[in-house]
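A look at the structure
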Amino acid sequence: MFVERRLILRRAAAAALVGGATVAVARASAGPAPAPARERVWAEPVSLRWTAAQPVIVRRSDWDTVAPTRRLPPSRYADTVRAVFVHHTDSGNEYGIHEVPDIIWSIQDDQTGRRGWDDIGYNFLVDRFGTVYEGRHGGVDRPVIGAHVSGFNIRTAGVAAIGTFSDGAEVPAPMQHAISALVAWKLSLHGVDVTTTTTLTCSDSLSRFQAGTRATFAAVSGHTDADCTYCPGSTLYAALPAIRREAARIQQTTAHPVFGATTPVLKPRP
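Quick summary incoming for the structure in this document. All of these numbers come straight from a predicted model, not from anything done at the bench.

Turning our attention to the pairing of strand β4 (residues 83-88). With respect to burial, β4 is a largely interior element, six of its six residues being buried. Both faces of β4 are covered, namely the face carrying A83, F85 and H87 and the face carrying V84, V86 and H88. Pairing of β4 with strand β10 (residues 220-222) involves three bridges; the strand directions are parallel. Paired with V84 across the two strands is V220, which belongs to β10.

On to the packing of aromatic side chains, then. All told, the structure shown has five aromatic pairs when counted by the stated rule. Measuring from centroid to centroid gives 5.6 Å for F152 and F209, while their planes differ by 90 degrees, and the two rings are edge-to-face. Within this pair, whereas F152 is found in the loop between β6 (132-134) and β7 (156-161), its partner F209 is found in the loop between β8 (197-201) and β9 (214-218), the two being separated by 57 residues in sequence. Among the residues examined, F209 registers a relative accessible area of 22% and is labelled partly exposed. Centre to centre, the rings of F209 and F217 are 5.9 Å apart; their planes meet at 85 degrees, and the pair counts as edge-to-face. Three or more aromatic residues joined by ring pairs form one cluster here, namely F85, F152, F209 and F217.

Pairing is mixed across the open sheet formed by six strands, whose spatial order is β3-β6-β5-β7-β4-β10. This sheet does not close on itself; its edge strands, each paired only once, are β3 (57-58) and β10. Alignment of strand β5 (residues 124-126) against β7, held across three bridges, turns out to be parallel. Residue pairing across strands places F124 opposite V159, the latter belonging to β7. In the packing of helix α5 (residues 240-252) onto the sheet, contacts are made with β4 and β10, and the angle to β10 comes to roughly 165 degrees.

Per the counting criterion, the structure on display carries seven salt bridges. Across the salt bridge formed by D119 and R60, the nearest N and O atoms sit 2.7 Å from each other. Taken as a pair, D119 in the loop between α2 (100-113) and β5 and R60 in the loop between β3 and β4 lie far apart in primary sequence, 59 residues in all. Across the pair, R60 and D119 agree in class, each one buried. The closest approach of N and O atoms between D79 and R155, which form a salt bridge, is 2.5 Å. Taken together, the positions of D79 in the loop between β3 and β4 and R155 in the loop between β6 and β7 put the pair 76 residues apart, joining distant regions of the chain. Exposure remark for D79: the relative accessible area of 56% places this residue in the exposed category.

Okay, unusual backbone geometry next. The peptide bond linking C231 to P232 adopts the cis configuration, its omega dihedral lying at 15 degrees. Inspection of the secondary structure assignment puts P232 in the loop between β10 and α4 (234-238). Backbone geometry places R155, a non-glycine residue, at a positive phi of 70 degrees.

With 14 residues, α2 ought to run about 20 Å at 1.5 Å a step, and its terminal C-alpha atoms sit 19 Å apart, in line with that. All of the buried residues in α2 are V100, I103, I104, I107, Q108 and Q111. Viewed end-on, α2 has its buried residues packed into an arc of 140 degrees, placing them on one side of the element. Structurally, α2 contributes buried residues whose contacts are with β5 and β6.

Attention shifts here to the pairing of β9. Successive side chains on a regular strand alternate, one facing one side of the sheet and the next facing the other. Of the two faces of β9, the one lined by A215 and F217 is fully buried and the one lined by R214, T216 and A218 carries no buried residue. Pairing analysis gives five bridges linking β8 to β9, with the strands arranged antiparallel. Along β9, the bridge assignment pairs T201 with R214.

This part covers the environment of A83. Positionally, A83 belongs in strand β4. What makes A83 buried here is its relative accessible area of 0%. Between the C-alpha atom of A83 and that of K186, which follows or precedes it by 103 residues, the distance is 9.3 Å.

Another aspect to go through is the packing of helix α3 (residues 173-188) against α5. Contact pair α3 / α5: the axes reach a minimum separation of 8 Å and the direction vectors enclose 55 degrees. Taken together, the axes of α3 and α5 are oblique relative to one another. The way α3 lies across α5 gives a crossing that is right-handed. Packed against α3, whose contacting residues are Q176, H177, I179, S180, A181, V183, A184, L187 and S188, the element α5 presents A242, I243, E246, A247, I250 and Q251 at the interface. Among the residues forming the contact of α3 with α5, the class breakdown is nine nonpolar, five polar and one charged.

Rules and cut-offs
Residues numbered from 1 in each chain as written. Predicted model: local features only at pLDDT ≥ 70, side-chain atom pairs only at ≥ 80, totals over all residues. Heavy atoms only, no water. Buried < 20%, exposed > 50% of the residue type's maximum accessible area, 1.4 Å probe, protein only. Helix = DSSP H or I, 4+ residues; strand = E, 2+ residues; numbered from the N terminus. Pairing = 2+ DSSP bridges. Phe/Tyr/Trp six-rings, centres within 6.5 Å; stacked < 30°, edge-to-face > 60°. Contact = heavy atoms within 4.5 Å. Axes fitted to C-alpha atoms, helices over the stretch in contact; angles between N-to-C directions. Salt bridge = Lys/Arg side-chain N within 4 Å of Asp/Glu carboxyl O. Expected span 1.5 Å × (residues − 1). Arc of directions from axis to C-beta. Parallel < 35°, antiparallel > 145°, perpendicular 65-115°, else oblique. Left-handed = near helix turned anticlockwise from the far one by under 90°. Nonpolar A, V, L, I, M, F, W, Y, C, P; charged D, E, K, R; others polar.

Pasting the structure below:
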């Protein structure tokens, strides 16, 4: 029956191509109803991922007023981003929105001055109003290697919540929502589901792990998961499950499906 149906369709398609005729399939006036159309499936496995919408990001030029007068070092890049580590800046919580650029600049100045780093360590920063800021230079949509977690800067991104989130310090809802949207987008660029885990190789012995150790982390982890620190503070760390859930919802409801290198080909199910 299925072979006959395929033959009829092939002949009908050929007739339409040759003569430009309109082909109509007449329904039989008697007898059993025709079998339902066969379900179509992928001819081969398809690499499918979703790219979540990019949140609004304040670019570096809006807070780093000194950058045009000094030469930044070349950015270093990994091949991908497999996880995001969440931090807090261990600074004050009561600040106005117009004070944020100066706060970020002071963090930059401390990390490049007292610590001797070549740039701010975090890839992104988020304020209590839910505004996302570009941190380390190199491109917000690229896998820039930061300086935010000893041993695991490669293949990760660092997101710092501006403030201190130890016991009793509530995480503002706009900040939490912004972190969720940011990690959903950043990880989706590399086909990473925020609810999964990933295994990374430690590059030095300055963290909880020895160099060469392969350690497994949640795709959205806290700084303390990898390093000997209380960062990102107990209340922000306790908020990570909710951040993952919201980020997963954003990834799963995105309106921007993106196919991988393999073109999907449909065929009838045998």
